[in-house]
Amino acid sequence: EVQLVESGGGLVQAGGSLRLSCAASGFTFDDYTIGWFRQAPGKEREGVSCISSSDGSTYYADSVKGRFTISRDFAENTFFLQMNEIKPEDTAIYYCAAATTSHYYTRVTAYDYWGQGTQVTVSS
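The rules we used
Residues numbered from 1 in each chain as written. Predicted model: local features only at pLDDT ≥ 70, side-chain atom pairs only at ≥ 80, totals over all residues. Heavy atoms only, no water. Helix = DSSP H or I, 4+ residues; strand = E, 2+ residues; numbered from the N terminus. Buried < 20%, exposed > 50% of the residue type's maximum accessible area, 1.4 Å probe, protein only. Contact = heavy atoms within 4.5 Å. Areas by Shrake-Rupley, 256 points an atom, 1.4 Å probe, with all protein chains shown as cover. Lys, Arg positive; Asp, Glu negative; His and termini not counted. Charge placed at Lys NZ, Arg CZ, Asp CG, Glu CD. Core = buried A, V, L, I, M, F, W, Y, C linked by side-chain atoms within 4.5 Å. Salt bridge = Lys/Arg side-chain N within 4 Å of Asp/Glu carboxyl O. Disulfide = S-S within 2.5 Å. Pairing = 2+ DSSP bridges. Axes fitted to C-alpha atoms, helices over the stretch in contact; angles between N-to-C directions.

Colleague: Tell me about the overall build of the chain, and name the residues and values.
Modeller: The helix and strand inventory of the chain stands at zero helices and eleven strands. Overall, the chain shows an N-to-C arrangement of helices and strands of β-β-β-β-β-β-β-β-β-β-β. C-alpha extents for the chain along the principal axes are approximately 40 × 25 × 25 Å. Taking all 124 residues of the chain together, the buried fraction comes to 43%. Residue pairs in contact within the chain that sit at least 24 positions apart in sequence constitute 60% of those at least 6 positions apart. Carbon and sulfur atoms provide 45% of the accessible area of the chain, an area that totals close to 6,300 Å². With 9 positive and 14 negative side-chain charges, the chain shows a separation of 8 Å between the mean positions of the two kinds.

As structure tokens, this is what we get:
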């Protein structure tokens, strides 16, 4: 059974750091496009950071570029979002996701598998 399980969310002070993890099971994501998305109240779910399976290219939203880093641990079938210099506007539910295609890989509709979401709340 395909599962994506997130961990690492919580309350963090502005300027601090947090590391989100997504453990995949039921498939090996080496050949899958992976991504982190977030959704704040009243807003659409948006891509935060993704890695394309086709060429390994990495996407970062302008709002997080230079602060967040996406990475993969192939041996553990796990991927991460390292969040540094966190800002109050980063407050959202964060979701990990995986896709069998890299087409439109920064878009929610491209993804086949989703985690349950983990809340990140930033205090100022």
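Here the narrative resumes.
Colleague: Residue-level account of the nonpolar core, with values.
Modeller: Core analysis: the largest hydrophobic core is formed by 28 residues, its most contacted members being Leu20, Trp36, Leu81, Met83, Tyr94 and Val120. Of all the secondary-structure elements, those providing two or more residues to this core are strand E3 (18-25), strand E4 (33-39), strand E5 (46-51), strand E7 (68-73), strand E8 (78-83), strand E9 (92-99) and strand E11 (118-123). Cys50, Ala97, Ala110 and Tyr111 belong to the second-largest nonpolar core, a separate cluster that totals seven residues.

Colleague: Explain the pattern of salt bridges to me, using residue names and the numbers behind them.
Modeller: Taken as a whole, this structure holds three salt bridges when the rule is applied. The residue Arg38 makes a salt bridge to Glu46 at a minimum N-O spacing of 3.0 Å. Its relative accessible area of 6% is what places Arg38 among the buried residues. Within the structure, one salt-bridge network assembled from shared partners comprises Arg38, Glu46, Arg67 and Asp90.

Colleague: Account for the state of the cysteines, naming residues and giving values.
Modeller: Per the stated rule, a full pass over the model turns up one disulfide. A sulfur-sulfur separation of 2.1 Å characterises the disulfide bridge that pairs Cys22 with Cys96. A torsion of 60° about the S-S bond marks the disulfide between Cys22 and Cys96 as right-handed. Taken together, the residues Cys22 in strand E3 and Cys96 in strand E9 connect sequence positions 74 residues apart. Like Cys22, the residue Cys96 is buried in the burial classification. Here Cys50 stays unpaired: no disulfide links it, and the sulfur of Cys96, its closest cysteine neighbor, is 12 Å away. What makes Cys50 buried here is its relative accessible area of 0%.

Colleague: Explain the sheet that holds strand E1 (residues 3-7) to me, and be specific about the residues and the numbers.
Modeller: One open sheet accounts for four strands, arranged E1-E3-E8-E7; its pairing is antiparallel. Looking at strand neighbours, the two that pair on one side only are E1 and E7, the edges of this open sheet. With direction set aside, neighbouring strand axes in the sheet form an average angle of 15°. As judged from the six bridges shared by E3 and E8, these two strands associate in the antiparallel manner. Within E8, the residue paired with Leu20 across the bridge is Leu81.

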